[in-house]
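Secondary and tertiary structure notes
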Amino acid sequence: MRIAKALTLSLLLATALLLTTPASAMQDVWKQGDMSLKLGYLLQVQGTATQDANGAGDGWGTDFFVRRSRFLLGGAVSKNVTFFMETDHPNWGKDNKDGKYSSTFFVQDAFINFKLGEHFFVDTGMLLLPFTHHFTQGATNLNTLDYHSGNRYHAGKVWRDMGVMARGYFLDKALVVRLAVTNGAEGVAASLNEDGVTGNAMINESDLPRVTANVRYNIMGRETGFFLGGHYFSKEPIISVGAAIDFQKDALQKTAPAVGVDATDPAKPVPVLTDKGEAQNYMAMGGDVFVEYPFANGHSLTYQTNVLMYDYGEEAANTGWGLINELSYRIEQVALVGAYDMFKSDADNSDYTQVQGGVNVYIVKHNASLKAAWYMTTVGDADAVHGAIIQTQLYF
């Protein structure tokens, strides 16, 4: 009993110390020689009000839920071998119509980092893909209330995929090159429906991996972390530009495939990959600009734009080009934030736009914050939908 009480008291004291430490990163909890262990926790709670989202569909609907609940674990086993693991329990209680608070808890990040030289690293495991700036940011230090909705990755989970990534830093770390080789869409044989018509074309017949690459140049300051930031509270100017590509051969199905005949058994239909049913390549490209410029007396300007292009085949809803823009001006602990997103689709009635404006209150930088935003979203020819979100954040 005494041991249990002592352990409980120690845990409470440690928690109190962590919560009162205004650090912007995970906390060191153990160190012995070159070995170390860090722990962290991220909690984001949201309240929303959405137009025409009540039970009858003719009035404002409200919702309260845990947007993110993440445990972070990291550390080192030597000077040249480190690791990071992060869980997530997203949208816990969102639209809780069953009354059971059903949602999924899973491991989101899990990778080992090998330092092979002063300027070269290799990461293996479940990795955040190195696409454009916004989609390489961590959720702990976003500038807007949440991520933008412009990502249309064809595979993986929450912008991650399983594989290996090489990172190189050149020109005094001004130039950063990342190259990831991951699973993407695994090879899947063609399938037949009950009537003998091919239900799905053969995908990635050769089971070739997905390749994602990013090149970033830091004009002023340095963005060199594994996870980039949406707002750094930097005391020095940061200006960087980047370009990225994401590609996998034969990762998509064009349309419903045709049917052939087996020469040895004419009564047996077999898949035939025609121009209407064959697999096709997937590709996404993007470029971005990020600026954080501090002024005197705790003022700063932050701007970011990402230009995106996705190719899912002709007239596909996810084929097209998009734009993400965000701009904020911070005066000490308060920032005004605006954002504009759009996606021009090849498919009819599939265009998307969103305008957003809000305010961020940084109680203890990103460790404790309050954010509120209003938005207007339009999809295709439908009427615009208005909504408001308020979010509290705790991170240590």
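1. A few points about the nonpolar core
Within the largest apolar cluster, 34 residues are counted, with the highest numbers of intra-cluster contacts made by Phe-131, Phe-135, Tyr-153, Tyr-282 and Tyr-310. Taken together, the elements giving at least two residues each to this core come down to strand S6 (120–128), strand S12 (238–253), strand S15 (279–294) and strand S16 (299–311). Setting aside chain neighbours within four positions, we find Phe-135 in contact with Leu-128, Leu-129, His-148, Gly-150, Asn-151, Tyr-153, Trp-159, Leu-308 and Ile-324.

2. Remarks on the environment of Gln-44
Position of Gln-44 relative to the elements: it lies in strand S2 (residues 35–50). Since its relative accessible area comes to 1%, Gln-44 is described here as buried. Along the sequence, Gln-44 and Ala-139 sit 95 residues apart, while their C-alpha atoms lie 9.6 Å from each other. Within the structure, the side chain of Gln-44 is placed 3.2 Å from the backbone oxygen of Ala-139, a separation counted as a polar contact. There is a polar contact of 2.8 Å between the side chain of Gln-44 and the side chain of Gln-393.

3. Quick look at the side chain of Arg-178
Tracing the sequence through the fold places Arg-178 in strand S8 (residues 175–182). Despite its burial, Arg-178 pairs with no opposite charge, the nearest such side chain being Asp-123 at 6.6 Å. Among the polar contacts listed, one links the side chain of Arg-178 to the backbone oxygen of Phe-226, at a separation of 3.0 Å. In contact with Arg-178, not counting residues within four places along its chain, are Pro-130, Thr-136, Met-165, Ala-166, Arg-167, Thr-212, Ala-213, Asn-214, Thr-224, Gly-225, Phe-226 and Leu-228.

4. With respect to the confidence of the model for the chain
Segments scoring low in pLDDT should not have their predicted coordinates read at a detailed level. Mean pLDDT for the chain: 89, with 86% of residues reaching 70 or above. Note on residues 1–24: pLDDT is under 50 here. Beyond four places in sequence and across chains, it has ten contacts.

5. Topic: the layout of surface pockets
Here the largest pocket is characterised by a volume of approximately 1,300 Å³. Lining the largest pocket are 45 residues, and of these Ala-25, Met-26, Gly-225, Phe-226 and Phe-227 sit closest to its centre. Among the secondary structure elements, those contributing two or more residues to the lining of the largest pocket are S2, strand S3 (61–78), strand S4 (81–88), strand S5 (106–117), S6 and strand S7 (160–170). No other element matches the six residues that S3 contributes to the lining of the largest pocket. Split by residue class, the lining of the largest pocket holds 18 nonpolar, 16 polar and eleven charged. Of the pockets and cavities examined, the second largest pocket occupies roughly 700 Å³. As for the second largest pocket, its lining consists of 27 residues, and the residues nearest its centre are Gln-46, Thr-48, Lys-94, Tyr-375 and Ile-389. Elements with a contribution of two residues or more to the lining of the second largest pocket: S2, S3, strand S19 (352–364) and strand S20 (368–379). If one sorts the elements of the lining of the second largest pocket by residue count, S3 sits on top with five residues.

Reading the values: rules and limits
Residues numbered from 1 in each chain as written. Predicted model: local features only at pLDDT ≥ 70, side-chain atom pairs only at ≥ 80, totals over all residues. Heavy atoms only, no water. Core = buried A, V, L, I, M, F, W, Y, C linked by side-chain atoms within 4.5 Å. Buried < 20%, exposed > 50% of the residue type's maximum accessible area, 1.4 Å probe, protein only. Helix = DSSP H or I, 4+ residues; strand = E, 2+ residues; numbered from the N terminus. Contact = heavy atoms within 4.5 Å. Polar contact = N/O pair within 3.5 Å; in protein donor to acceptor, adjacent residues only side chain to side chain. Lys, Arg positive; Asp, Glu negative; His and termini not counted. Salt bridge = Lys/Arg side-chain N within 4 Å of Asp/Glu carboxyl O. pLDDT = per-residue confidence, 0-100. 1 Å grid on protein atoms, 1.4 Å probe; cavity = no way out; pocket = protein on both sides within 12 Å on 5 of 7 lines; lining within 4 Å. Points joined across faces, edges and corners; volume = space filled by probe spheres on them. Nonpolar A, V, L, I, M, F, W, Y, C, P; charged D, E, K, R; others polar.

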